[in-house]
Amino acid sequence: MSNFVTLTKDNFKKTIEENDFVIVDFWAPWCDPCVEFTPTFEAAAKKNKDIIFGMVDIEKDKEIADYFQIKVIPGLLVIRERAGIFAHDDGEVSAKAFDEIITWAREYDMWHTQFSNTQYLTYAALQYSRFSSYYTGQ
């Protein structure tokens with residue numbers, strides 16, 4: 001199976017569920033910056049065989065773009081272990097910046113994404129209470 005795929009409403013969920021690392025490019029054929037970014041996206045896929053690189057055409061699969069509230073294209077979404085850890089919807093991304101995003105995503109500590117928000121806040125509060133006297137000098 002290739003690590004460069006077209007994502008649609010028919011395969012999006014399955015792709016996310018079956019792969020630990022997915023990078024999604026939201027694009028449209030009429031968007032010049034999107035079309036210009038495609039070779040960069042394809043080159044990154046060739047260099048990073050352990051990552052799934054998927055493209056969502058927002059014209060054909062608008063519901064996916066709507067779900068992720070994509071307002072500007074090209075837009076990127078980085079998903080690891082079924083959790084969105086990075087979203088870029090500020091338009092164009094250079095090849096160098098994209099490589100840096102991939103490096104950052106590889107190194108991202110997924111430990112805290114295993115908790116629900118409530119569990120994480122409880123953990124953070126316990127850690128704060130444990131160390132607060134150290135930081136406040138009390």
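Residues numbered from 1 in each chain as written. Predicted model: local features only at pLDDT ≥ 70, side-chain atom pairs only at ≥ 80, totals over all residues. Heavy atoms only, no water.

Draft legend 1. Region of interest: helix H4 (residues 95-107). Between its first and last C-alpha, H4 extends 19 Å over 13 residues, near the 18 Å set by a 1.5 Å rise per residue. The complete set of buried residues in H4 reads Phe-98, Ile-101, Ile-102 and Ala-105. Each buried residue of H4 lies within a common arc of 95° when the element is viewed along its axis, so the set occupies one face. Opposite the packed face of H4, turned more than 90 degrees from it, sit the exposed residues Lys-96 and Glu-107. (Helix = DSSP H or I, 4+ residues; strand = E, 2+ residues; numbered from the N terminus. Expected span 1.5 Å × (residues − 1). Buried < 20%, exposed > 50% of the residue type's maximum accessible area, 1.4 Å probe, protein only. Arc of directions from axis to C-beta.)

Draft legend 2. Geometry of the nonpolar core. If you look at the biggest cluster of nonpolar residues, it comprises 38 residues, and the most contacted ones within it are Ile-23, Val-24, Phe-26, Phe-53 and Phe-98. Mapped by element, the contributors of at least two residues to this core are helix H1 (12-18), strand E2 (21-27), helix H2 (32-47), strand E3 (52-57), helix H3 (62-67), strand E4 (75-80) and H4. With 6 residues, E2 is the largest single contributor of residues to this core. Apart from the residues within four sequence positions on either side, Phe-26 is in contact with Cys-34, Val-56, Ile-58, Ile-64, Ala-65, Phe-68, Ile-70, Ile-73, Pro-74, Gly-75 and Leu-77. (Core = buried A, V, L, I, M, F, W, Y, C linked by side-chain atoms within 4.5 Å. Contact = heavy atoms within 4.5 Å.)

Draft legend 3. Geometry of the state of the cysteines. Tallied over the entire structure, the rule returns 1 disulfide. Residue pairing for Cys-31: its cysteine sulfur links by disulfide to Cys-34, the two sulfurs lying 2.4 Å apart. Here the disulfide of Cys-31 and Cys-34 is right-handed, its torsion about the S-S bond being about 75°. (Disulfide = S-S within 2.5 Å.)

Draft legend 4. Molecular detail of the packing of aromatic side chains. Per the stated rule, a full pass over the model turns up 9 aromatic pairs. When the centroid spacing of 5.6 Å and the interplanar angle of 50° are considered together, the rings of Phe-12 and Phe-68 count as tilted. Placement of the pair is Phe-12 in helix H1 and Phe-68 in the loop between H3 and E4, with a sequence separation of 56 residues. Using a relative accessible area of 10% as the deciding quantity, one classes Phe-12 as buried. With centroids separated by 5.9 Å and ring planes inclined at 50°, the aromatic side chains of Phe-37 and Phe-41 adopt a geometry described as tilted. Placement of both Phe-37 and Phe-41 in helix H2 is noted, with a separation of 4 residues, approximately one turn of the helix. In this pair, the class of Phe-37 matches that of Phe-41, namely buried. (Phe/Tyr/Trp six-rings, centres within 6.5 Å; stacked < 30°, edge-to-face > 60°.)

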